[in-house]
Amino acid sequence: MQLTPEQEQIGRDNFHEAVGLTRRDFMTAAAAAGGGLGALYFGYEALAGSPVKVGFIGTGDEGNILLSEHPPEYMDVVAIADIRPANRERAFTGDGNEHRVGLVNKLGSGVRKSVRVYENHKQLLEDPEVEAVVIATPLVSHHRIVMDALDAGKHVLCE
């Protein structure tokens, strides 16, 4: 795409207005922060309060990746639910690779005692300690689980 010099300047101005930095300043700051562009761009700061107490619904393939990638400084995993016993175990043990490390490898062996395990999402949603849920089940089940979670007064992140 060929842009006129005026269009290029509009793009630079829009970027500077949105980010509050020049592109060069943005990249320099991001490099100094270890490449964390997202936090810098969106203005995230360190959490002032306690991490959100989260329950993961669906701990199979994608759910296990999300468990491995969750930021413990923002999310305290207090419960998991999956209809498959093997997936509930996988949540703790992972798959032995970098994408699905499991809660034990991520948070330590004590996590087995601190994380409550449920056989289905309805049981997890009755847990008063769970403030929010991450839903990582097959697509066909998202709507029902999201509606149940909202009816239970939980915050929802649906994969």
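Conventions used here
Residues numbered from 1 in each chain as written. Predicted model: local features only at pLDDT ≥ 70, side-chain atom pairs only at ≥ 80, totals over all residues. Heavy atoms only, no water. Helix = DSSP H or I, 4+ residues; strand = E, 2+ residues; numbered from the N terminus. Buried < 20%, exposed > 50% of the residue type's maximum accessible area, 1.4 Å probe, protein only. Contact = heavy atoms within 4.5 Å. Areas by Shrake-Rupley, 256 points an atom, 1.4 Å probe, with all protein chains shown as cover. Pairing = 2+ DSSP bridges. Axes fitted to C-alpha atoms, helices over the stretch in contact; angles between N-to-C directions. Right-handed = clockwise from strand over helix to strand, strands pointing away. Patch = residues over 30% accessible without salt bridge, like charges linked within 9 Å, V, L, I, M, F, W, Y side chains within 5 Å. Salt bridge = Lys/Arg side-chain N within 4 Å of Asp/Glu carboxyl O. Lys, Arg positive; Asp, Glu negative; His and termini not counted. pLDDT = per-residue confidence, 0-100.

Things to note about the overall build of the protein chain
Logical step 1: Along its length, the protein chain carries nine helices and five strands.
Logical step 2: Counting every position in the protein chain, which comprises 159 residues, the buried fraction comes to 32%.
Logical step 3: Excluding contacts between residues fewer than 6 apart, the proportion of contacts in the protein chain whose partners are at least 24 apart in sequence is 56%.
Logical step 4: Summed over its atoms, the accessible surface of the protein chain is roughly 9900 Å², and 55% of this surface lies on carbon and sulfur atoms.

What to know about the sheet that holds strand 5 (residues 155-158)
Logical step 1: Read from one edge to the other, the open sheet built from five strands follows the order 3-2-1-4-5, with strand pairing classed as parallel. Since the sheet does not close on itself, it has two edges, and those belong to strand 3 (116-118) and strand 5, each with one partner. Strand after strand, the sheet turns through a mean of 30 degrees between neighbouring axes, direction not considered.
Logical step 2: In the sheet, strand 1 (residues 52-57) pairs with strand 2 (residues 75-81) via six bridges, with the strands oriented parallel. The residue bridging K53 from the neighbouring strand is D76, located in strand 2.
Logical step 3: Along the sheet face, helix 9 (residues 142-151) touches strand 1, strand 4 (132-135) and strand 5 and points at about 160 degrees away from the line of strand 5.

Concerning the pairing of strand 1
Logical step 1: Taken together, strand 1, helix 4 (residues 61-69) and strand 2 form a β-α-β motif whose crossover is right-handed.
Logical step 2: Of the strand pairs in this sheet, strand 1 and strand 4 are connected by four bridges, and their pairing is parallel. Bridging from a neighbouring strand, G55 pairs with V133 of strand 4.

Observations concerning a nonpolar patch on the surface
Logical step 1: On the surface, M147, L150 and V156 cluster together into a nonpolar patch covering about 220 Å² of accessible area.
Logical step 2: Examined against the element boundaries, M147 turns out to sit in helix 9.

Here we look at the pattern of salt bridges
Logical step 1: By the definition in use, this model includes nine salt bridges.
Logical step 2: One salt bridge in this structure joins D76 and K53, with 3.7 Å as the shortest N-O distance. Of the two residues, D76 sits in strand 2 while K53 sits in strand 1, which places them 23 residues apart along the sequence.
Logical step 3: Residue classification places D76 among the partly exposed residues on the basis of a relative accessible area of 31%.
Logical step 4: Residue classification places K53 among the partly exposed residues on the basis of a relative accessible area of 27%.

Some thoughts on the side chain of R88
Logical step 1: Mapped onto the fold, R88 is located in helix 5 (residues 85-93).
Logical step 2: Buried charge without a partner: R88 forms no salt bridge, and the closest opposite charge is E119, 4.5 Å away.

A look at the confidence of the model for the protein chain
Logical step 1: Residues of the protein chain with pLDDT of at least 70 account for 79%, and the chain-wide mean is 85.
Logical step 2: Here helix 3 (residues 37-42) is the element of the protein chain with the lowest mean pLDDT, 56, and helix 8 (residues 121-125) is the one with the highest, 98.

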